[in-house]
Amino acid sequence: MIKRKEETMKVAFAADHGGYKLKDALVSHLREKGIETVDFGTNSPDSCDYPDYADPLCRAVASGECDLGVLVCSTGLGMSMAANKHRGIRAACCSETVSVALTRSHNNANVLCLGAFIVGEHTACEMVDLFISTPFSEGERHVRRVNKVNALDER
Ligand code: RB5
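Just so it is clear, the structure is predicted and the values come from calculations on it, not from any experiment. Residue positions within a chain follow its written sequence, with the count starting from 1. In keeping with the predicted nature of the model, local features appear solely for residues at pLDDT of at least 70, side-chain atom pairs appear and are counted solely at 80 or more, and the whole-chain, interface and lining totals rest on all residues. In computing side-chain properties, one takes all heavy atoms of the structure into account and sets aside hydrogens as well as water.

A. Representation of the overall build of the protein chain within the structure. Here a helix means four or more residues in a row that DSSP labels H or I, a strand means two or more in a row labelled E, and each is numbered from the N terminus. Along the protein chain, the regular secondary structure elements total six helices and five strands. Secondary structure elements of the protein chain, listed N to C terminal, follow the sequence β-α-β-α-β-α-β-α-β-α-α. Taken along the three principal axes of its C-alpha coordinates, the protein chain extends 45 × 35 × 25 Å. Exposure is judged per residue with a 1.4 Å probe applied to protein chains only, and the accessible area is read against the type maximum: over 50% gives exposed, under 20% gives buried, and values in between give partly exposed. Classification of the 155 residues of the protein chain by burial places 46% in the buried group. The contact rule is simple, with two residues in contact once any of their heavy atoms fall within 4.5 Å. A fraction of 68% describes how many contacts in the protein chain between residues 6 or more apart in sequence connect residues 24 or more apart. As presented, the protein chain carries roughly 7,800 Å² of accessible surface, and 50% of it is formed by carbon and sulfur atoms. In this count, Lys and Arg are taken as positive residues and Asp and Glu as negative ones, while His and the chain termini are left out. Where a charge lies is defined by one atom per residue type: Lys uses NZ, Arg uses CZ, Asp uses CG and Glu uses CD. Computed over 18 positive and 21 negative side-chain charges, the inter-centroid distance for the protein chain is 9 Å. The protein chains shown are the only cover counted for residues, whose accessible areas, like all others here, come from Shrake-Rupley with a 1.4 Å probe.

B. How the structure looks around the pairing of strand β1 (residues 10-15). Of all six residues in β1, five are buried; the element is thus mostly enclosed. Bridge count between β1 and strand β2 (residues 36-39): four bridges; the pairing is parallel. Along β2, the bridge assignment pairs lysine 10 with glutamate 36. When the strands point away from the viewer and the path from the first strand over the helix to the second turns clockwise, the crossover is right-handed. Following the backbone out of β1, through helix α1 (residues 20-32) and into the adjacent parallel β2, one traces a crossover that is right-handed. Pairing geometry for β1 and strand β3 (residues 68-73), over five bridges, is parallel. Counterpart to phenylalanine 13 in the pairing with β3 is valine 70. If DSSP finds at least two bridges between two strands, the strands pair.

C. Spatial organisation of the environment of alanine 101. Secondary-structure assignment places alanine 101 in helix α4 (residues 97-105). On the basis of relative accessible area, alanine 101 is assigned to the partly exposed category, the value being 22%. For the pair alanine 101 and alanine 91, spaced 10 residues apart in sequence, the C-alpha separation works out to 13 Å. If we ignore the near neighbours within four places in the chain, the residues touching alanine 101 are Leu130 and Thr134.

Structure representation (structure tokens):
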């Protein structure tokens, strides 16, 4: 089992107008812990379209420029739909910590989607901490299943 080295990882963040305040709080939370972050915006309450912010983040994660990504909109749902259209992205929309840990260890999720209307800042910080610290289990059955998910990119 590979233990993730949080101190050397780069975590990408992006949000729409519904999620940017929570996104900014999460970026500050990780920066205070000395973890490198990349902020793809948005950075204002002006109305914008969540796919425009999911796209550059997913490209950065899929290319390996960033290790993991966190997307925030009002519900997390639109962001997860947009993210999962990208080759190499396994995005999970979660509203509590158990699902976050399991989607890392079972699904090797590389993007976490959060809804600012759904989760408070304290819980969201806990969820992001778990997301970046939980390794993929690499059990044979999980590797096989994730490989099958990845193969769907080629259809
Ligand atoms: C924006 O109003 C809202 O639709 C968006 O933040 C997101 O929740 C969509 O899924």
